[in-house]
Amino acid sequence: MAVYLDLFINELLHLDDVRANRLVNAGAEGENIKSYRLFAEEGSSCAEMLAAIKNGTGKIGNRTVLKDSALVRTSADSPAKKWLWRDLSGESDARALDKFISDAYDVINLKGNNPLFLGLGALNWETVVSGEIRKIVSPLLIFPVKLIRGTATSPVEIEFVDDEAYFNPCLAEKMKRELPEFVYSQFPKIGGADLDEPLDLEKLDLNYFESVCTHAEKCGGNSQFSFDKNAVIIAQYNHGDICMYYDVKRNRENIEKHPFIRRIFGEQLPLPPVDGEAGEPRFILQKDSVQEDITRRILRGESLIVKGPPGTGKTLTIANVIGALLARGKRVLFASKKLSALSEVHAKLPENLRKFVMLLDCETEQRAASLNPSEIKREFKKLLKERSEYHFAPSVANGFERAV
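Parameters and conventions
Every chain is numbered independently, its residues counted from 1 as its sequence is written. For this predicted model, a pLDDT threshold of at least 70 governs which residues receive local features, and a threshold of 80 or more governs which side-chain atom pairs are given and counted, while totals over whole chains, interfaces and linings are taken from all residues. Excluded from the side-chain calculation are hydrogens and water; included are all heavy atoms of the structure. Helix numbering and strand numbering both begin at the N terminus, where a helix is a DSSP run of H or I of at least 4 residues and a strand a DSSP run of E of at least 2. Burial classes follow relative accessibility: with a 1.4 Å probe on protein chains only, a residue under 20% of its type's maximum area counts as buried, one over 50% as exposed, and anything between as partly exposed. In what follows, residue pairs with any heavy atoms lying within 4.5 Å of each other are defined as contacts. Detection works on a 1 Å grid of protein atoms alone, calling trapped sets that fit a 1.4 Å probe cavities and calling open sets with protein on both sides within 12 Å along at least five of seven lines pockets, with lining residues defined by an atom within 4 Å of a point. Grid points are joined across faces, edges and corners, and a volume is the space filled by probe spheres set on the points. Three classes are used, and their members are as follows: Ala, Val, Leu, Ile, Met, Phe, Trp, Tyr, Cys and Pro are nonpolar, Asp, Glu, Lys and Arg are charged, and the others, Gly among them, are polar. The angle between two axes is taken between their N-to-C directions and runs from 0 to 180 degrees, where each axis is a line fitted to C-alpha atoms and a helix contributes only its stretch in contact. Under this scheme an angle from 65 to 115 degrees is roughly perpendicular, one under 35 degrees roughly parallel, and one over 145 degrees roughly antiparallel; angles in between are oblique. Here a crossing is called left-handed whenever its near helix is offset anticlockwise from the far helix by less than a right angle, and right-handed whenever the offset is clockwise. A pair of aromatic rings is counted whenever rings of Phe, Tyr or Trp (Trp by its six-membered ring) have centres within 6.5 Å, and the orientation is called stacked for planes under 30 degrees apart, edge-to-face for over 60 and tilted otherwise. Distance and angle both matter: a charge sits over a ring if NZ of Lys or CZ of Arg is within 6 Å of the ring centre and within 35 degrees of the ring normal. In this analysis, strands are considered paired if DSSP registers two or more bridges between them. What counts as a salt bridge is simple: a side-chain nitrogen of Lys or Arg found within 4 Å of a carboxyl oxygen of Asp or Glu. What is meant by a nonpolar core is a set of buried Ala, Val, Leu, Ile, Met, Phe, Trp, Tyr and Cys residues, joined one to another through side-chain atoms within 4.5 Å.

Even after reading the chapter, I still don't get the overall build of the chain, so can you show me in this structure?
When you go through the chain residue by residue, the secondary structure sums to 15 helices and nine strands. Sorting the 404 residues of the chain into buried and exposed places 36% on the buried side. When contacts within the chain are restricted to residue pairs at least 6 apart in sequence, those whose partners lie at least 24 apart make up 66%.

Please explain empty space enclosed by the protein as it appears in this structure.
The gaps left among the atoms become clear once a water-sized probe is rolled over them. Going through the model one piece at a time under the given rule, you end up with three cavities of 30 Å³ or more. As for the largest cavity, its lining consists of Leu141, Phe167, Lys189, Ile190, Ala193, Asp194, Leu195, Glu197, Pro198, Leu199, Asp200 and Tyr208. Looking at the lining of the largest cavity residue by residue, the classes come out as eight nonpolar, no polar and four charged.

Explain the packing of helix α10 (residues 289-300) against helix α11 (residues 314-327) to me, please; I cannot follow it from the model alone.
Any two packed helices are characterised by the angle at which their axes cross and by the distance between the axes. At a minimum axis separation of 10 Å, α10 and α11 run at an interaxial angle of 40 degrees. As far as their axial angle goes, α11 and α10 are oblique. When you trace α10 past α11, the crossing you get is right-handed. Across the interface between the two elements, Gln291, Ile294, Thr295, Ile298 and Leu299 of α10 pack against Leu316, Thr317, Asn320, Val321, Ala324 and Leu325 of α11.

Explanation requested: the packing of aromatic side chains in the structure shown.
By the definition in use, this model includes four aromatic pairs. A ring pair is formed by Tyr36 and Phe100, whose centres lie 5.0 Å apart and whose planes are at 65 degrees; its orientation type is edge-to-face. Here Tyr36 is found in strand β1 (residues 36-40), whereas its partner Phe100 is found in helix α3 (residues 94-111), with 64 residues between them in sequence. Take Tyr36: its relative accessible area is 2%, and that puts it in the buried class. Feature note: the residues Tyr208, Phe209 and Phe227 constitute an aromatic cluster, connected by ring pairs. Just above the ring of Phe283 sits the side chain of Lys287; from NZ or CZ to the centre is 4.5 Å.

Looking at this model, I keep getting lost on the pairing of strand β5 (residues 116-129). Mind explaining?
The two faces of the sheet receive side chains in turn, since in a regular strand these alternate between them. Within β5, eleven of the 14 residues are buried, which leaves the element mostly enclosed by the surrounding structure. As defined by bridge partners, β5 adjoins strand β9 (residues 225-236) across nine bridges and the pair is classed as antiparallel. Residue pairing in the sheet places Leu123 in a bridge with Phe227 of β9. Hairpin connection between β5 and strand β6 (residues 132-149): a loop of two residues separates the two successive antiparallel strands, and Ser130 in this loop has a positive phi of roughly 55 degrees.

I would appreciate a short explanation of the pattern of salt bridges in the present structure.
Pairs can form between side chains of opposite charge whenever their charged atoms are close. This structure, assessed with the given rule, holds eleven salt bridges. The partner of Glu178 in a salt bridge is Lys174, and the shortest N-O contact between them spans 2.9 Å. Here Lys174 and Glu178 lie together in helix α4 (residues 169-178), a separation of four residues that amounts to about one turn. Overall, the relative accessible area of 4% leaves Lys174 in the buried class. Where Glu210 meets Lys229, a salt bridge forms, and the shortest distance between an N and an O atom there is 2.7 Å. A residue pair is termed long-range when its members are at least 10 positions apart, and Glu210 in helix α6 (residues 206-218) and Lys229 in strand β9 qualify at 19 residues. Since its relative accessible area comes to 38%, Glu210 is described here as partly exposed. Among the ionic contacts, a cluster of salt bridges with common partners joins Glu173, Lys176, Arg177, Asp196 and Lys249.

Could you clarify how one ought to interpret the nonpolar core in this entry?
Most often, soluble globular proteins keep nonpolar side chains buried together rather than apart. Core analysis: the biggest nonpolar cluster contains 75 residues, and Leu118, Leu120, Leu140, Leu141, Phe143 and Phe167 have the highest contact counts within it. With near-sequence residues (within four places) excluded, Phe143 lies in contact with Ile53, Leu116, Phe117, Leu118, Leu120, Phe160, Ala165, Leu199, Leu201 and Leu204. In this structure, Ala319, Val345, Leu349 and Phe356 belong to the second largest nonpolar core, which totals eight residues.

I'm lost on the environment of Leu333 in this one. Help?
Within the secondary structure, Leu333 sits in the loop between α11 and α12 (339-348). Overall, Leu333 belongs to the exposed group, its relative accessible area being 79%. Put simply, Leu333 and Ile322 are eleven residues apart on the chain and 9.0 Å apart in space, counted from C-alpha to C-alpha.

Purely spatial values, then, with no claim about function.
Structure representation (structure tokens):
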């Protein structure tokens, strides 16, 4: 189970997909979604941005983006300072920046997750990608942000979202797995807090970036492993995955102890006593001995994973399980990421049994996001009412026999 969770975290953070993972490599080229570097024309970029973040005003005005620069104030009373926006090729393209912002809002509207982050500081190092050694740029500290722009010619503002900022979790996991142990274990921490903890902005200052520079030099600082304390990077990454990652990390012990999870991974736990009055399972479709055994085990209360190649009867087994559970008065929730799986199971249920089933399917995530919860509740209450009336009807036994 521990191995499975580790693999899940690896997949969740896309650690092996360096080309698409902006938190591992914000310097990737040839992608549709670009990354941007911000440069303060006066002073240290990182110092100026950190001052703006800690000031708490939340917005950084960009007044001349179409002239390849931005005006940034570290506080409401401070003078504006000029910044430069550049993609990773060093170019400045107002239309590309506008599309970058538009693409981010498409993700927000479609999935409900804000994909934008601002990174302060970056490790420049090397890793193996598709059998080749590639140089990558990994942001150090990440802050969820939004880029606000009214029109293609209006000012752009960086708004720091009211959410916690973190040390880059993808970078932390990548270091633990690919670099010598001391690189991660001795990596400087902010205020002594673990790298998994949210950033304490009151304890974050430029001394932290200096300590990271020193650590990188001790670890062999050169072109293969170095720290850019002046990097300010804006890129896209799915923050929904980050939230799930921290949820798993913080609750891992409880997850591993949960009886449902322990049963799934093969631990033999006491099962509920067999209901002698329930009788034999009612099968609505043909089944073989393996499918019958799976259905009986589920009816007895076991939690298990069933897998098999196409054509082995997984859909048929699910339909039989649903029918058998409904016959015992149970409520069943069947969920699937694939729309085809929902429709195929629904199609296998006998027509008379479908009156007990509410099919809720959406072809796109955008369609799912537009569903009205109140309408779903009304439909579900109607279904339960019809089920209750059917259950107490005098012909319930014969009616169900006809259904199955």
